[in-house]
Structure formats: structure tokens, C-alpha cells
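For reference, the chains in residue letters:
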There are 2 protein chains.
Amino acid sequence: MTLGFSSLLNARWSEADSLLCVGLDPDQPKIPRQYHDFEDGIVRFCVDIIDATAEFACAFKPQIAYFAAIGAECDLTAICEYIRNTYPTIPIILDAKRGDIGDTAKQYAREAFERYGAHAVTVNPYMGGDTIEPYLSHKDGAAIVLCRTSNAGSGEFQSQLINGEPLYQRVARTAATEWSKMGDVSLVVGATYPAELAEVRAIVGDMALLVPGVGAQGGDPTQVVANGANSHGTGLIVNSSRAILYADATHPGEAAARVARETRDALRAAR
Amino acid sequence: MTLGFSSLLNARWSEADSLLCVGLDPDQPKIPRQYHDFEDGIVRFCVDIIDATAEFACAFKPQIAYFAAIGAECDLTAICEYIRNTYPTIPIILDAKRGDIGDTAKQYAREAFERYGAHAVTVNPYMGGDTIEPYLSHKDGAAIVLCRTSNAGSGEFQSQLINGEPLYQRVARTAATEWSKMGDVSLVVGATYPAELAEVRAIVGDMALLVPGVGAQGGDPTQVVANGANSHGTGLIVNSSRAILYADATHPGEAAARVARETRDALRAAR
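What counts as what
Each chain has its residues counted from 1, running along the sequence as written. To label them, take the chains in the order written and letter them from A, then take the ligands in the order written and number them from 1. In view of the model being predicted, local features appear only for residues whose pLDDT reaches at least 70, and side-chain atom pairs are presented and counted only at 80 or more, with totals across whole chains, interfaces and linings using the full set of residues. UniProt positions are given in the numbering used here, feature names are shortened, and annotations may be inferred rather than shown by experiment. Only DSSP runs of H or I with at least four residues qualify as helices, and only runs of E with at least two residues qualify as strands; both kinds are numbered from the N terminus onward. In this description the radius of gyration comes from C-alpha coordinates, and the expected globular size is given by 2.2 Å times residues to the power 0.38. Here a residue counts as buried when 20 or more other C-beta atoms sit within 10 Å of its C-beta, as exposed when there are 12 or fewer, and as partly exposed otherwise, the C-beta atoms being derived from the backbone. Comment: axis = line fitted to C-alpha atoms, over the contacting stretch for helices; angle = value between 0 and 180 degrees taken between N-to-C directions. The cut-offs work like this: below 35 degrees is roughly parallel, past 145 is roughly antiparallel, 65 to 115 is roughly perpendicular, and the gaps in between are oblique. Here is the rule for handedness: rotate from the far helix to the near one, and if that takes an anticlockwise turn smaller than a right angle the crossing is left-handed, while a clockwise turn gives right-handed. Residues are scored as being in contact if the C-beta atoms we place from backbone atoms lie within 7 Å. For two strands to pair, DSSP has to find at least two bridges joining them. The term nonpolar core means buried Ala, Val, Leu, Ile, Met, Phe, Trp, Tyr and Cys residues held together as one set by C-beta atoms within 7 Å. When the copies are superposed, the least-squares fit takes in the C-alpha atoms of residues with a pLDDT of at least 70 in both. Classes in brief: Ala, Val, Leu, Ile, Met, Phe, Trp, Tyr, Cys and Pro nonpolar; Asp, Glu, Lys and Arg charged; the others, Gly included, polar. Across the chain, each position has a pLDDT score giving the predictor's confidence in that residue, from 0 to 100. When the strands point away from the viewer and the path from the first strand over the helix to the second turns clockwise, the crossover is right-handed. Under the convention used throughout, the expected extent of a helix is 1.5 Å for every residue step, that is, one less than its residue count. To obtain the arc, one takes the directions from the helix axis to the C-beta atoms.

In the annotation of an unreviewed UniProt entry, chain A is listed under the name Orotidine 5'-phosphate decarboxylase and assigned to freshwater metagenome. The Sequence similarities (unreviewed entry) field of the UniProt record for chain A holds the comment "Belongs to the OMP decarboxylase family. Type 2 subfamily." Listed in UniProt under the heading Catalytic activity (unreviewed entry), the comment for chain A reads: "orotidine 5'-phosphate + H(+) = UMP + CO2".

Written out as C-alpha cells, the structure is:
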């Protein structure tokens, strides 16, 4: 039997006692030189990072853009397969930020859940709930919907007021009241906006929140936990990518393990 | 020398006297049986449609989801290459609805413009202008930003009022006043909302609008032209996918040519 995203995540939060998600963004020029000689250098690099950080991680989050840019979808397949086979209790979030009309969304759901075997996929809400439904109704599917993103310009539309309520809060409220009835839904809220994180938490109850922006983007783990944890002291998937992946070019695995442990510990201490 | 998207499009509007964009959504179960025996059946099918409809088209728009779902990126590459080599005056729009933070958006821009050789890519505005800029600043890049989409639930967020102005109009205004300064930007406005099409046209001047939703989705070509054409009687990239691709399973090319010609003529007559 396959466990769905939320079940896996809940079990992992409690067993690994970690809120850390390790983001896999294999940017070719940043990958340490020792991997460049191998045809499957990207896979070897990611597998080394995965092995080094698995014990500290509640989830892995490969970013598909880094594979799509260079035609390396087969590497992404290999990496997802490796995680599923070697660490079957750790959920995989495919960071793809998909968003399209129903018929097309079904194709993207196939891509995420069948082709790559991801447990959840990130999705953009701009086109409305009927474009999110196909991910939620897919067998064993789960959607993590963009709410308040971590980039500097994220407020340009997300913070605009609709009847006195910012758009991102409207998205959060719709997720909590409507989309959650359709299936396994979570939200993305950036660590770089801690006040907004608290506001979203107040709207969505215990729902899981994927929080990018700690590490290289500068978000503070303590504030994230203080503002974002749910009533069980969990509910957070706090992602760090570059700070872990590129911690040290000479000993990448060792350095990744150290940074992942430190980040997990910082998140743990803040609970 | 490579011409950019808008230059190609303007030349094509005038030379082919057509506002029709042929959408390439090769949905495996719908592809006529005679192609199923070939390893490269999807490519053969798309090439037959392309050859049959090129004279009636101002653009081709492959939808990446149909390739991504089944791991057929190499087919998409072959199809884009075929269009560029055989019909170099017809621009290619990669329909991918990408949207991510700056560093990641750069990877998606590489995917669209370098890997696939597309002239423009569709992009989601939810994350703000800093996530659209990488497509516009990419050499020979162009972005077609979602504004008012053709799906039934598109109003859920897009029609919400911000200071009395619907979100999609705010997106249109930002595109016309800010993003257009950064590069080659157009908008997506669905044929299924003709009144909104007129409102967007009033905001954006002569900017190109990609209009999905005629054909299988039921949008009316006459209304689209009446409400959406710019001051030159062009400015529209009116997409039809399924109605052309799957017009007749026995003679797909012949039937595609007929429907494409009829749709082009209907759009032409309405000018």
C-alpha cells in the first residue's frame, strides 16, 4: 500500500523529529568539480547529498527547472527513484509550480505522480480552484499551492487587498475551506515574510506549510517556527537548498550533513 | 540573424493574413490509430498537422504538458526543430505557464529559448514582476503572461477587485506600463470572456494577445476579433488546438487543414 503525502509527512515529523526539507537544485556550474567527469554527475551529486542529509530531513524537494533547462529529466527520474527505494518513508515534493486548465493539469499530475513518483507537487493558484482539483483528485496525489512566496516582488499581486484581505490570505482561506475538502492540500509561505506566516497559520489551522527562504535566502529558522508551527509543534516543511547543497565544494556530503543537522537543530530548538 | 517573437509575429500577421495559432496538444489516446505503430508517432502526427496547417497559421503553440506527462521531451525538441527549419517565419510559443523565483526562472528561460528554441513562453504572474523579468531579459526571449484565462473557474482570483479594478486588469496594466519596458511581453486572455477581452484591449494599446478558447472550448471567433483586435486589425493570436488536431481520425491532415482554413477565414471575415 502506498501512503499519501500527509501520512508520510506526519510519520516523518514524529520519527525523524525534523521540520527540515532538503531542496535539490543541482545548478551545473555550482556542482563540485569532482562530479563533472561523470556522465551521471548530477545524479551522483544528488545521491551523495541525499545520503548525507536523509536522517535530518522530513522531505526532499527536487526543483524540476534545473533538470528541464538541460534536458536531464532522466536524471530527475533516477533521483526520485533512488529516494523512493532507499528512503521510502521520506516524502518527495516535486517543485514544478504547475498551473493550467483541467485537461492539461491532468497531464501535469501524471508527470508528477506517475512519471516521477512524487508524493506532492507545487501548484500556482492564479487560474483558480478548477485548475488545482486535478492534482487533488489524482490517486495518491497532493498539491502544495503557492500562497505567499519568498521572492522580493511577491507582494506585487499577492498582497493586494480584496475586500480588505490580501490576495494571499484569500488563497489560504480558500485552501482551508474548499480545496481541503477535495484532497491533500498544503500551502507555500516564504520564510522571508514571517508576519505573513503567522497570519496564514491563523487561517489554515493545522495544515502543512512549505516554507522556502531559510538558508541562502536569509529567512530565520527561529522566527519561522515561532510564527508558523501548528498546534502540534509541527506543520512546517522548512526548505533549504543552496546552503546545504553547496556548503563545501571539497567535501560536499560531509558539509551538507553538517548544515542540514545544524538547520534541523535550529528548527528543533525553536519549538 | 534571429528575429524576436514580436517581429516574426508582425511579419506573419501581414504575410499570411492570419490571426490563427495552431495549438499542438498531442494527447496520446486521441492521436489517430495509424500513428500508434511508430516509435515517433507523436512527432509524425504533429508534423503532419504542421504541414497541413502552416499556410493558415500565424504561430504554432506546443503544450509541454502532453510531452512531460509521458517523458517525450525529445519529441517536443524534434517538433520545434522541424518548425524552425521548415517554417522559419512562423513563431513558436511554448505553452508551459512557468512561474518561479528569479534564479529558477532563468533555468526555465533556458529551457524554453535554448533547449526548445521557442520564440515565446507563457508565464504565470502570481509571483510578481521579478519572476517575469528573466524571460524578458533573456536574449531573443519573450513572455506571454496569463491575464484572464479561458477556464470556467478563472474568475476565482483573477476577477477579484483591487481598489475597484479586477486583478486581471491590474496584471494587464502592469504589463503595459512596466513589463513592456523590460522586453517583449504579451498577455493571455481567453476567448470565453469576450467582454474582458475588450477591457484588456483598452488597457494595453496594440500589445499582442494570445487568445485560447475558440474551437473545442466554445469561444466565438467573430466576437474575439470584434473585441480584441488592435488598431491595425491584428494584435491577436487566436489559438485552436483540439478542434484542428482531432478533426478527423481517418484523414487527420486534410481535416486539420480544412478546420484551420475555416477558422482563419472566420477570423479574417470578422476584421
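That covers the picture; the talk isn't over yet.
J.: How should I be thinking about the overall build of chain A in this particular structure?
T.: A tally of helices and strands in chain A yields 12 helices and 10 strands. The C-alpha radius of gyration of chain A comes to 17 Å, within 12% of the 18 Å expected for a compact globule of 271 residues. Along the first, second and third principal axes, the C-alpha set of chain A runs to 55 × 40 × 40 Å. When burial is assessed residue by residue, chain A has 59% of its 271 residues classed as buried.

J.: What exactly am I supposed to notice about the packing of helix α10 (residues 221-228) of chain A against helix α12 (residues 252-269) of chain A here?
T.: Any two packed helices are characterised by how steeply their axes cross, that is the angle between the axes, and by the distance between the axes. Residues and elements named next belong to chain A. Contact pair α10 / α12: the axes reach a minimum separation of 8 Å and the direction vectors enclose 40 degrees. By the angle between their directions, the pair α10 and α12 is classed as oblique. For the pair α10 and α12, the crossing hand works out as right-handed. On the side of α10, the interface is formed by Pro221, Thr222 and Val225, while α12 contributes Thr263, Ala266 and Leu267.

J.: How should the sheet that holds strand β4 (residues 120-123) of chain B be read in this particular structure?
T.: What holds strands together in a sheet is hydrogen bonding between their backbones, with the strands either parallel or antiparallel. Residues and elements named next belong to chain B. Spatially, the eight strands line up as an open sheet ordered β2-β1-β10-β9-β8-β5-β4-β3, and their pairing is parallel. The sheet terminates laterally at β2 (59-62) and β3 (93-98), the two strands that pair on one side only. Averaged over neighbouring strand pairs, the angle between their axes works out to 30 degrees when direction is ignored. Where strand β5 (residues 142-148) lies against strand β8 (residues 184-189), six bridges are found, and the strand directions are parallel.

J.: Help me understand the nonpolar core in this model?
T.: Most often, soluble globular proteins have nonpolar side chains that are buried together. Val145 of chain A together with Val145 of chain B are the most contacted members of the largest nonpolar core, which has 194 residues in total. Those residues in contact with Val145 of chain A, other than ones at most four positions away along the chain, are Val123, Pro125, Ile132, Val171, Ala175, Val185, Leu187 and Val188 of chain A.

J.: It is not clear to me how the relation of the copies chain B and chain A should be interpreted in this structure. Could you clarify?
T.: Each copy of the chain is related to the other by a rotation around an axis and a translation along that axis. Superposition of chain B onto chain A requires a rotation of 180 degrees combined with a translation of 0.0 Å along the rotation axis, giving an RMSD of 0.0 Å. Taken together, the turn and the small shift mark the pair as related by a two-fold rotation axis. Taken together, the interface assignments show that 100% of the residues at the interface of chain B recur at the interface of chain A, consistent with an identical surface on both copies.

J.: Just checking my understanding: could you explain the interface of chain B and chain A for this structure?
T.: Size of an interface: often given as the accessible area lost when the parts come together. The partner chain A presents 41 residues to the 41 residues of chain B that form the contact. Among the secondary structure elements, those contributing two or more residues to the side of chain B that touches chain A are α3 (65-68), α5 (102-115), α7 (155-158), β6 (161-162) and α8 (167-182) of chain B. Top contributing element to the side of chain B that touches chain A by residue count: α5 of chain B, with seven residues. Partitioned by chemical class, the residues of the side of chain B that touches chain A number 15 nonpolar, 17 polar and nine charged.

J.: Can you help me understand the pairing of β5 of chain B in this one?
T.: Remember that side chains alternate between the two faces of the sheet whenever the strand is regular. Residue and element names in this part refer to chain B. Of all seven residues that make up β5, seven are buried, and the element is covered over most of its length. When β4 meets β5, the two strands line up parallel, connected through three bridges. Bridge pairing links Thr122 to Ile144 in β5.

J.: Any chance you could explain the sheet that holds strand β4 (residues 120-123) of chain A here in plain terms?
T.: Residue and element names in this part refer to chain A. Sheet architecture is open: eight strands sit in the order β2-β1-β10-β9-β8-β5-β4-β3, paired in parallel fashion. Lying at the two open borders of the sheet, with one neighbouring strand each, are β2 (59-62) and β3 (93-98). Within the sheet, the average angular offset between the axes of one strand and its neighbour, ignoring direction, is 30 degrees.

J.: Looking at this structure, how should I read the confidence of the model for chain A?
T.: Note: predicted coordinates in regions of low pLDDT should not be interpreted at a detailed level. On average, residues of chain A score 96 in pLDDT, and 99% of them reach the 70 mark or higher. Prediction confidence for the complex, expressed as pTM and ipTM, is 0.98 and 0.97 respectively.

J.: What is the right way to look at the pairing of β2 of chain A in this model?
T.: Residue and element names in this part refer to chain A. Neither face of β2 is exposed, since Ala59 and Lys61 on one face and Phe60 and Pro62 on the opposite face are all buried. Two strands pair when backbone bridges link them, and strand β1 (residues 20-24) and β2 are joined in this way by four bridges, in the parallel orientation. By the bridge assignment for β2, Leu24 is matched with Pro62. Taken together, β1, helix α2 (residues 41-53) and β2 constitute a β-α-β crossover, and its handedness is right-handed.

J.: I'm lost on the environment of Ser240 of chain B in this one. Help?
T.: Residues and elements named next belong to chain B. Tracing the backbone through its elements, the reader meets Ser240 in strand β10 (residues 236-240). The exposure class assigned to Ser240 is buried, which follows from the 29 C-beta atoms found within 10 Å. With 27 residues separating them along the chain, Ser240 and Gly213 place their C-alpha atoms 6.9 Å apart. Excluding residues that lie within four positions of it along the chain, Ser240 makes contacts with Leu20, Val22, Gly23, Val214, Gly215 and Thr263.

J.: Just to check I follow, could you spell out α2 of chain A for this structure?
T.: Residue pairs three or four apart in sequence face the same way in an α-helix, which turns once every 3.6 residues. Residue and element names in this part refer to chain A. The terminal C-alpha atoms of α2 lie 18 Å apart, and with 13 residues this matches the ideal 18 Å at 1.5 Å per residue to within 8%. Those residues of α2 that fall on the buried side of the exposure criterion are Ile42, Val43, Phe45, Cys46, Ile49, Ile50, Ala52 and Thr53. Where α2 is buried, its residues contact β1, β2, α4 (73-86), α11 (242-245) and α12.

J.: Would you explain helix α4 (residues 73-86) of chain B in this entry?
T.: Residue and element names in this part refer to chain B. Under the 1.5 Å per step criterion, the end-to-end length of α4 is 20 Å for 14 residues, consistent within 8% with the ideal 20 Å. Looking only at α4, the buried set comprises Asp75, Leu76, Ile79, Cys80 and Ile83. The buried residues of α4 occupy one face: seen down the axis, they fall within an arc of 135 degrees. Lining the buried residues of α4 we find β1 (20-24), α2 (41-53), β2 and α3.

J.: What is the right way to read the packing of α2 of chain A against α12 of chain A from this model?
T.: Residues and elements named next belong to chain A. Taken N-terminus to C-terminus, the directions of α2 and α12 make an angle of 40 degrees; their axes are 8 Å apart at the nearest point. It follows from the interaxial angle that α2 and α12 lie oblique. Crossing angle aside, the handedness with which α2 passes α12 is right-handed. Contacts between α2 and α12 involve Asp48, Ile49, Asp51, Ala52 and Thr53 on the former and, on the latter, Pro252, Gly253, Ala256, Ala257 and Ala260. By residue class, the composition of the contact of α2 with α12 is six nonpolar, two polar and two charged.

J.: Hey, could you run me through unusual backbone geometry in this one?
T.: Peptide bonds are, in most cases, trans, and in most cases residues other than glycine have a negative phi. Residue and element names in this part refer to chain A. For Asp17, which is not glycine, the phi dihedral falls at a positive 50 degrees. When you line up the elements, Asp17 lands in the loop between α1 (5-16) and β1. Judged by local crowding, Asp17 falls into the partly exposed class, with 14 C-beta atoms found within 10 Å.

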